[in-house]
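Secondary and tertiary structure notes
Given next are the chains, with one letter for each unit.
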Amino acid sequence: MNLQVKPIFSALRHHKAGTLLIALQIALTLAIVCNALFIIQQRISLLTRPSGVDEAHLIRVMNGWVGASDKDVGPLMQSDLDTLRRLPGVVDAYATNATPLSGGGWATGMHSKPDGKGKRVQTAIYFSDAHTLDTLGLKLVAGRNFHASEVQGFLPNDTLQPPQIIVTRALADNLFSDGHAVGKVVYLGKKPSTIIGVVARLQVPWVASWASNWEGNSTLVPRQMLTNGTNYVIRVRDGQLQKVLHSAPAALLAADRMRVIPDDQGVVTFEQMRAKAYKSDRGMAILMGVICTVLLAITAAGIVGLTSFWVGQRRKQIGVRRALGATRHDILGYFLTENLLIGIAGVAIGGALAVGMNQWLMHAFEMQRLSWPWIAGGVVVLLLLGQAAVLAPALRASNVPPVVATRSV
Amino acid sequence: MFTYYIDLALRSLRRNTVLTALMVLALALGIGASITTLTVLRLLSGDPLPARSAQLYYPQVDPRPALDDPSRARPMPAMSWTDAMNLVNARKARYQAAMALTQAKVMPAKTGERPFFSDAVMTTADFFPMFDVPFRYGSGWSAGEGQARARVVVISDALNRKLFAGANSVGRTLRIRDHDFRIVGVLRPWSPQPRFYAVWLGGRSYGDGDGVFLPLHTAVADKMSPNNLNCFAAGGDLNDLTKAPCIWLGVWVDLPTASQARAYRGFLDNYVHQQIALGRMHRTDVAMPDLMQWMRESHVVPSDVQLQTWLAFGFLLICVVNTVGLLLAKCLKRSQEIGVRRALGASRRAVFAQFMVEASIIGLAGGLLGLLFAELGLWAIRQQPAEYADLAHLDLGMFAFTFVVALVSSLLAGVLPAWRASVLAPAPQLKAS
């Protein structure tokens, strides 16, 4: 196709305002759409992070005993766990203070030397027993599981310094660069804790950004928190989830009525917990998606509107060109090229704007740096959008018959 | 003349309904998005105590062990018992109070009802006069009662209605955990937004007010545990929070004049140096932000909300640019009509006014529809699980502001096309037809 660039430029010079407006609109749209798409991608990568546990088969039951003091809790918890583990459809169960995606728990510093000295690494503390790895479906990559004899009770005001702990690989890599953590000693307080095992991955309970730097740093301690309220985590067999959702609280209440299982959020699947934990991130991604779509639609509509007007205004010139031998194809090409030129000017400004906007977002909202493929993608999308928007008016222009040239005046 | 312009504008808008609808819709979407996000942002970043916020300060010190690199020191967001009590007992400000949040287990008066947890504040006597907390019945407790660990309590309007059907319950008994507390005061509805005093203390930043207010010394003696507790040194006895090396208390002071604020800042520095001389503290860094400054430093407003507001206004800007383009196209299309009007004696100013009227009609229509979109957007936010969801309503100010935004954007959009229309030379247009 013969690109008729020169006549296009001279024609555009007569429509400076319109040309500038379309270019400006394309530029602004590109800047916002690039950054919005980037936010969407960041949020999606956030909410698809694996928690490391077998979410599809897990249930959490929140339980509070009525009228039991902390000292009575140990035997009550043991008998509840026996009840749960005997239930049909249940693989295993354990009691804990917190789970991934629950949004609440215990975080502390782990040190390479006693009394808070030496290298410090932030970690989440998960209260566990010998059934924890089996229940959560955690993969032990080194060392061993807890022995039942190592599991002890823990009163709320006790000091946490268990002789044995299991850590995640992320935490082990943070602490020891040589990759061999098993057998090494770390400190939660004064007394040493020996790492006896390493699991592949276990996310901390918090999904928020303040915990994102250490979201894989978890520590399992062989302790059962003896307080009035506890969480039971139950792993079920395939297809038994719905059944156990009802049978587990029923069995607990049948065994002992003196307990509270909250109506709201008392019995939930891990899939429900995931949906709740990431609800605001998903909402933000959806909102950004809607904004992008509407923006692109408005920009397209603007291009259609202005080009239609130009076509209407130049009917006579088009007729003359047709009469002088230009084909329909030439006319179509003319308007498409014209739009492409304006589009290129727009995306050139828009690309710079997008980078500037990203710089500002990085400064004000701790966003990451926009990578070039995102801008390139945005540029392609907007140029294609411009071509698609201009197609209908351009086709109308190419259908102007040569006879128009001879009419009127 | 003005009505004639309106008539002309309506005719012109009707002539091209698709284009008109497109302009109105685009403007309305931009306005709806902007007003929705701005309402939420304004709600979240509002001043919780407009009459007092400028004179309330949040002193901070740093009780942690010595640091190798002093430049990395930053004062802690809360205080240990010792520091909080030293500051409160020094009485260097007009009012001063220490506070922490807890969950109070309220036992039912009647048998057969279930116990429930109520959000509670453990604080000292000045809390009520300092924050200007409104009472319906009774009053707060005195500093003497607080120190003496009196079992007295102030309850919220909501709790009073729940337990006593809204009657004057002063003098009646509320059983919290294992102890009876005498009710000395009932508040009127009071829930500052954001809940500025709860920021670091382990409560939500927005939403309902607290239900129960207890004297701090009494609550500590009864071993009520604070919602948020951060220990900066190992080896403390968590059974005795008055000695543990942990921060868990927020301290607020009321300093009505700037000179008092300066004097207090000096006092705070002196206090820290004195504690360092005593060997209790090791770091000199202190801070004393006022209320709104503390809200900003604590990033109370979720950054997503700010981001959304910026994006919404970017969106509106694009909608305005879009409207400029479409209006321009429309008005150039009518060059002949303008030529006729000019030839028949209309002045440039009259043509300009005519097109501005047309633009403002589009703006008003966009504003009306935008208001609808904003209500829709706020309704969607109220369905969200966010703690501020219930508060998302359009107030009268924002209602009016919507139309200001709509008119200003449409007039801005209309200036260029109207100017272009008014400077068209009439003769060529007439000749062309």
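Residues numbered from 1 in each chain as written. Chains lettered and ligands numbered in written order. Predicted model: local features only at pLDDT ≥ 70, side-chain atom pairs only at ≥ 80, totals over all residues.

1. Describing the overall build of chain A
Helices and strands together make up the secondary structure of chain A, namely eleven helices and 14 strands. Its C-alpha atoms give chain A a radius of gyration of 32 Å, more than 25% over the compact-globule value 22 Å for 409 residues. Seen along its three principal axes, the alpha-carbon backbone of chain A occupies a region of about 105 × 50 × 30 Å. Expressed as a percentage of the 409 residues in chain A, the buried residues total 41%. (Helix = DSSP H or I, 4+ residues; strand = E, 2+ residues; numbered from the N terminus. Rg over C-alpha atoms; globule rule 2.2 N^0.38 Å. Buried ≥ 20, exposed ≤ 12 C-beta atoms within 10 Å, placed from the backbone.)

2. Focus: helix H10 (residues 303-333) of chain B
Here H10(B) spans 45 Å end to end across 31 residues, near enough to the 45 Å set by a 1.5 Å rise per residue. Of all 31 residues that make up H10(B), 23 are buried, and the element is covered over most of its length. (Expected span 1.5 Å × (residues − 1).)

3. Details of the packing of helix H8 (residues 279-313) of chain A against helix H2 (residues 17-44) of chain B
Contact geometry for H8(A) and H2(B): axes closest at 11 Å, N-to-C directions at 150°. The angle between the axes of H8(A) and H2(B) places the two elements in the roughly antiparallel class. For H8(A) against H2(B), the interelement crossing comes out left-handed. For the pair H8(A) and H2(B), the contacting residues are Val294(A), Ile298(A), Ala301(A) and Gly305(A) in the first and Leu19(B), Leu22(B), Ala26(B) and Leu29(B) in the second. Taken together, the residues of the contact of H8(A) with H2(B) sort by class into seven nonpolar, one polar and no charged. (Axes fitted to C-alpha atoms, helices over the stretch in contact; angles between N-to-C directions. Parallel < 35°, antiparallel > 145°, perpendicular 65-115°, else oblique. Left-handed = near helix turned anticlockwise from the far one by under 90°. Contact = placed C-beta atoms within 7 Å. Nonpolar A, V, L, I, M, F, W, Y, C, P; charged D, E, K, R; others polar.)

4. Examining the pairing of strand S2 (residues 90-96) of chain A
All names here are of chain A. The buried fraction of S2 is high, at five of seven residues. Across six bridges, S2 lies against strand S12 (residues 229-236) in antiparallel orientation. Across the sheet, residue alanine 93 finds its bridge partner in S12, namely isoleucine 234. (Pairing = 2+ DSSP bridges.)

5. Let's talk about the interface of chain B and chain A
Interface size is commonly expressed as the accessible area that is lost once the parts come together. At the junction of the two partners, chain B supplies 32 residues and chain A supplies 31 residues. Among the secondary structure elements, those contributing two or more residues to the side of chain B that touches chain A are H2, H10 and helix H13 (396-422) of chain B. With 19 residues, H10(B) is the largest single contributor of residues to the side of chain B that touches chain A. Its residues assigned to classes, the side of chain B that touches chain A shows 21 nonpolar, eight polar and three charged.

6. A word on the domain arrangement of chain B
Residues and elements named next belong to chain B. Segmentation of chain B into domains returns domain 1 (2-45 + 302-432) and domain 2 (53-297). A C-alpha centroid distance of 50 Å is found between domain 1 and domain 2. Facing five residues of domain 1, the contacting portion of domain 2 comprises six residues. (Domains from an automatic or database assignment.)

7. Remarks on the nonpolar core
Of all hydrophobic cores here, the largest spans 175 residues; its most connected members are Leu30(A), Val153(B), Leu249(B) and Phe315(B). When residues in this core are grouped by element, the largest group, 16 residues, is from H10(B). Those residues in contact with Phe315(B), other than ones at most four positions away along the chain, are Ile32(A), Ile291(A), Leu295(A), Gly30(B) and Ala33(B). Counting residues in each nonpolar core, the second largest holds 59 residues, with Val53(A), Val221(A), Ala248(A) and Met273(A) among its members. (Core = buried A, V, L, I, M, F, W, Y, C linked by C-beta atoms within 7 Å.)

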